[in-house]
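Chain by chain, the residues run as shown.
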Amino acid sequence: MSDSSSPQPQPGSPGGTGRYARADSGALVLCGARLADGRTVDVRLGGGHIEAVGTAGSLAPQGARIDLAGYLLLPAPAEPHAHCDTALTADADGPASGSPEDVQRRTTEAALLQLGHGATASRSHVRIGDVQGLRSLEAVLQARRSLRGLAELAAVAVPRVLTGVAGADGLAMLRDAVKMGASVIGGCPDLDPDPAGYVETVLELAGEHGCPVDLHTDGDDPARLARFAAMSGGLRPGVALGPCAGMARMPRSVAARVAEQLAAAGVAVVCLPQGDCTGLERYGSRVSRPAPVRLLRAAGVRVAAGSGALRDVANPVGRGDPLEAAYLLASLGEATPEAAYETVSSAARATLGLPEVRVEAGFPAELLAVRGERIAGVLSLAYSRIVIHRGRVVARTSAVREYCDSAAEVALELPRQSQR
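To start, this report covers the structure provided alongside it. Quick caveat, the model's predicted, so the values are computed rather than measured.

## Some thoughts on the side chain of Asp190
Phase 1: Turning to its location among the elements, Asp190 is positioned in the loop between strand E9 (184-187) and helix H4 (195-209).
Phase 2: Within polar-contact distance, the side chain of Asp190 engages the side chain of Thr217 at 3.0 Å.

Here it is as structure tokens:
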């Protein structure tokens, strides 16, 4: 099986998928795409939005066209919880380099990896303070600028301590981080001597600057979560907590009560089906299950799913693939395949403060075409993907599986080659 991806697909690409738009192309028509509801349609894109959706063959191409026969067309996923600055460091000999050049390279490579899987937007948590100061954040912001037009990358400033005498430097650095361009205020209250004070400080600063909040917490203390919810209620543009795997270890009645409190406060939960991440610094305590997604959704909590660790000190493996996160939720019984995909698409985009995407006229042209017929199938075995950001193709992966000659193949008339 071969697998390749490119940030700028060229016209005339092989694989039976027609022509691909160049970076400077205008209108683009997606022909014969299957939608999640079973319809087969043509979709015309222009100006970064969906201009029209019609029955197959009804939209005359006014520019480039892509034949999407055999593909399922979906709203593009987003990555709500990444650590791009520390990604891809698991194989390093000794401590990973923290030089701005290396951080920028890792961030860019990780963001492009996520983009190749379909995530046209991501939120990356970046530790500030300690030896690195603001250098890692500066490198991530530089990577964000270099990725403009290919993918959206938001940086979350994550200070270690914010309370007491030791927290004064962290607070000053957090203020500087917001001025530099960090668009989200984060942190890990579990690591602070005063978790409630930490959250209060973050919320106050976020209120001053109109920034969203995204906090790391294991979420194993129901009283602490209840207090977080009470403090966060009403903050706009919003508060997210994650990965909250500790809620899965609570008695169900207790977890249900906490979920209701989070829902009432409008707090979103970002779960990590793959396991813990570097933000919690619990390298030897991998969780066996993610947050109780089904319970949280039943209570009305918006739940998004992220990838978390990507081959770093917290986890030596990782794909940065939103469809894998959705697959894991479905395989664990925490969501149907359709609801699982929603956690990595519409719920993830809403958590990131991005506009809603539907395959309907007028909505943003943030789309993912995946070879397959139904969501359950593409979560299980979908390698070939076409990623569309702002109305143009920005990544393409083609996979062909070939089998050798065999008596079974001849007897059963099986194909020697299949596209995945």
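## Examining the environment of Thr107
Phase 1: Looking at where Thr107 falls in the secondary structure, it is placed in helix H1 (residues 100-117).
Phase 2: Residue class for Thr107 comes out buried when judged on its relative accessible area of 0%.
Phase 3: Spatially, the C-alpha atom of Thr107 lies 8.6 Å from that of Arg144, the residues being 37 residues apart in sequence.
Phase 4: Once residues lying within four places of it in the same chain are set aside, the contact partners of Thr107 are Cys84, Asp85, Val140, Ala143 and Leu153.

## Focus: unusual backbone geometry
Phase 1: With an omega of 15°, the peptide bond running from Arg236 to Pro237 counts as cis.
Phase 2: The peptide bond linking Gly242 to Pro243 adopts the cis configuration, its omega dihedral lying at 0°.
Phase 3: Assignment of secondary structure puts Pro243 in strand E11 (residues 239-243).
Phase 4: For Leu88, which is not glycine, the phi dihedral falls at a positive 65°.
Phase 5: Secondary-structure assignment places Leu88 in the loop between strand E6 (79-82) and H1.
Phase 6: The phi torsion at Arg311 lies on the positive side, around 50°, for a residue other than glycine.
Phase 7: Here Arg311 lies in the loop between strand E13 (303-305) and helix H8 (322-331).

## What to know about helix H5 (residues 222-232)
Phase 1: Along H5, the positions that sit buried rather than exposed are Leu225, Phe228, Ala229 and Ser232. For H5, the buried positions fall inside an angular range of 100° around the axis, keeping them on one side. Relative to its buried face, H5 has exposed residues pointing more than 90 degrees away, namely Ala223, Arg227 and Ala230.
Phase 2: On its buried face, H5 is in contact with H4, strand E10 (213-217), E11 and helix H6 (252-265).

## Observations concerning the sheet that holds strand E8 (residues 152-158)
Phase 1: One open sheet accounts for eight strands, arranged E6-E7-E8-E9-E10-E11-E12-E13; its pairing is parallel. Looking along the sheet, the strands with just one partner apiece sit at the ends: E6 and E13. Going from strand to strand, the sheet's axes swing by 25° on average, the running direction of each strand aside.
Phase 2: Across five bridges, E10 lies against E11 in parallel orientation. By the bridge assignment for E11, Thr217 is matched with Pro243.

## Here's the deal with the pattern of salt bridges
Phase 1: Summed over all chains, the structure comprises 18 salt bridges.
Phase 2: The partner of Arg224 in a salt bridge is Asp190, and the shortest N-O contact between them spans 3.6 Å. Taken as a pair, Arg224 in helix H5 and Asp190 in the loop between E9 and H4 lie far apart in primary sequence, 34 residues in all.
Phase 3: Across the pair Arg385 and Asp321 runs a salt bridge whose closest N-O atoms are separated by 3.0 Å. With a gap of 64 residues between them, Arg385 in strand E15 (residues 385-389) and Asp321 in the loop between E13 and H8 connect regions that are remote in the sequence.

What counts and what doesn't
- Residues numbered from 1 in each chain as written.
- Predicted model: local features only at pLDDT ≥ 70, side-chain atom pairs only at ≥ 80, totals over all residues.
- Heavy atoms only, no water.
- Helix = DSSP H or I, 4+ residues; strand = E, 2+ residues; numbered from the N terminus.
- Polar contact = N/O pair within 3.5 Å; in protein donor to acceptor, adjacent residues only side chain to side chain.
- Buried < 20%, exposed > 50% of the residue type's maximum accessible area, 1.4 Å probe, protein only.
- Contact = heavy atoms within 4.5 Å.
- Arc of directions from axis to C-beta.
- Pairing = 2+ DSSP bridges.
- Axes fitted to C-alpha atoms, helices over the stretch in contact; angles between N-to-C directions.
- Salt bridge = Lys/Arg side-chain N within 4 Å of Asp/Glu carboxyl O.

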